[in-house]
Amino acid sequence: MVRLRTQSLVFSFLMILALVGCSSSGPGPRLPVVTEVPVAVDGASVLPVTFGGAVIAIEPGTLLGFHYEGAGMAKDYDYRWGPNFTEKTNEMNLDVFDILGDAGYRTVPWPTGGVTETPAGEAVLKLKATVTLMEFNSFSTAGGYYQAYCMVSWNLINQGDGTSLFQSDTEGYKKENEHNAGVLRKAFDQALTNLLADQGFADAAAGSQAQ
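Everything quoted here is computed from the prediction, not taken from an experiment.

Asks: Please clarify how the overall build of the protein should be interpreted in this entry.
Replies: Check the secondary structure of the protein and you find five helices and seven strands. Secondary structure elements in the protein, listed N-terminal to C-terminal, are α-β-β-β-β-α-α-β-β-β-α-α. Residues counted as buried form 40% of the 211 residues belonging to the protein. Contacts in the protein between residues far apart in sequence, at least 24 positions, make up 69% of those at least 6 positions apart.

The following block contains the structure:
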């Protein structure tokens, strides 16, 4: 009995150590995400698309990553979701219409209150983006650099009846030598580019034209 109880205590102690290790490790360095080639569409074959801005579904104080010092990659300090990052999120939206346009989609600006159709009466689809995961790390090695990663949940919506035409999650990654909003924006841009590489997205936008 004593031996079994001792083994049980040892097992419990090891489990606690494992849990502590998992909770304190946090997000770390990431490998680059492959950039896919968007599916080119004929704008006349799909309904125009509008975009109202990314939603950041990250709680204040959430750990985003660390600054790694030296070749030993020692964690010097951490980065957390707060004012220094939230004030830059509007810049994540700057390239969206350009990226859509480069793939052949017609776009419609998002006015206050939204838009459901063009002046000619053509229905407009809404692309909704929710950033569900964001990581940010910096490194002192190799002259110093910054690394951003995000996961975005996308939803293409028919605003006429509110139905979802297509949903997908994609990843984005960017590495830069300077710390600015651009590294976050470009990670988000890659996530959008990879969304447009999905034939299912193009088919959904084209299929809604015939409805």
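Let us keep going from here.
Asks: How do you make sense of the pattern of salt bridges when you look at a structure like this?
Replies: When charged atoms on two side chains of opposite charge get close, those side chains can pair. Taken as a whole and assessed by the stated rule, the structure comprises five salt bridges. Notably, a salt bridge pairs Arg 106 with Glu 122, separated by 3.0 Å at the nearest N-O pair. On the criterion of sequence distance, the pair formed by Arg 106 in the loop between α3 (96-102) and β5 (125-139) and Glu 122 in the loop between α3 and β5 is long-range, its members being 16 residues apart. Of the residues examined, Glu 122 reaches a relative accessible area of 23% and is grouped as partly exposed.

Asks: Teacher, can you tell me more about the confidence of the model for the protein here?
Replies: Detailed reading of the predicted model is not advised wherever pLDDT is low. Of all residues in the protein, 83% attain a pLDDT of 70 or more, and the chain-wide mean is 84. Ranking the elements of the protein by mean pLDDT puts helix α1 (residues 2-25) last with 39 and α3 first with 97. When the criterion is pLDDT under 50, residues 1-24 qualifies, and its contacts beyond four places in sequence or with other chains add up to one contact.

Asks: How should I be thinking about the nonpolar core in this particular structure?
Replies: Here is a general trend for soluble globular proteins: nonpolar side chains tend to be buried in one another's company. In this structure, Tyr 105, Leu 127, Val 131, Trp 154 and Phe 188 are the most contacted members of the largest nonpolar core, which totals 42 residues. Elements supplying a minimum of two residues to this core: β1 (49-51), α3, β5, β6 (145-158), α4 (181-196) and α5 (199-207). Residue contributions to this core peak at eight residues, all from α4. What Leu 127 contacts, discounting residues up to four positions off in sequence, is Val 49, Thr 50, Phe 51, Gly 52, Leu 100, Trp 154, Asn 155, Leu 156, Leu 192, Leu 195 and Phe 201.

Asks: Is there a simple way to think about the side chain of Asn 194 in this case?
Replies: In this structure, Asn 194 sits in helix α4. Note on Asn 194: relative accessible area 12%, which makes it buried. A polar atom in the side chain of Asn 194 sits 3.5 Å from the backbone oxygen of Glu 171. Sequence-distant contacts of Asn 194, defined by excluding residues within four places in its chain, comprise Val 33, Val 34, Thr 35, Glu 36, Thr 170 and Glu 171.

About the cut-offs
- Residues numbered from 1 in each chain as written.
- Predicted model: local features only at pLDDT ≥ 70, side-chain atom pairs only at ≥ 80, totals over all residues.
- Heavy atoms only, no water.
- Helix = DSSP H or I, 4+ residues; strand = E, 2+ residues; numbered from the N terminus.
- Buried < 20%, exposed > 50% of the residue type's maximum accessible area, 1.4 Å probe, protein only.
- Contact = heavy atoms within 4.5 Å.
- Salt bridge = Lys/Arg side-chain N within 4 Å of Asp/Glu carboxyl O.
- pLDDT = per-residue confidence, 0-100.
- Core = buried A, V, L, I, M, F, W, Y, C linked by side-chain atoms within 4.5 Å.
- Polar contact = N/O pair within 3.5 Å; in protein donor to acceptor, adjacent residues only side chain to side chain.

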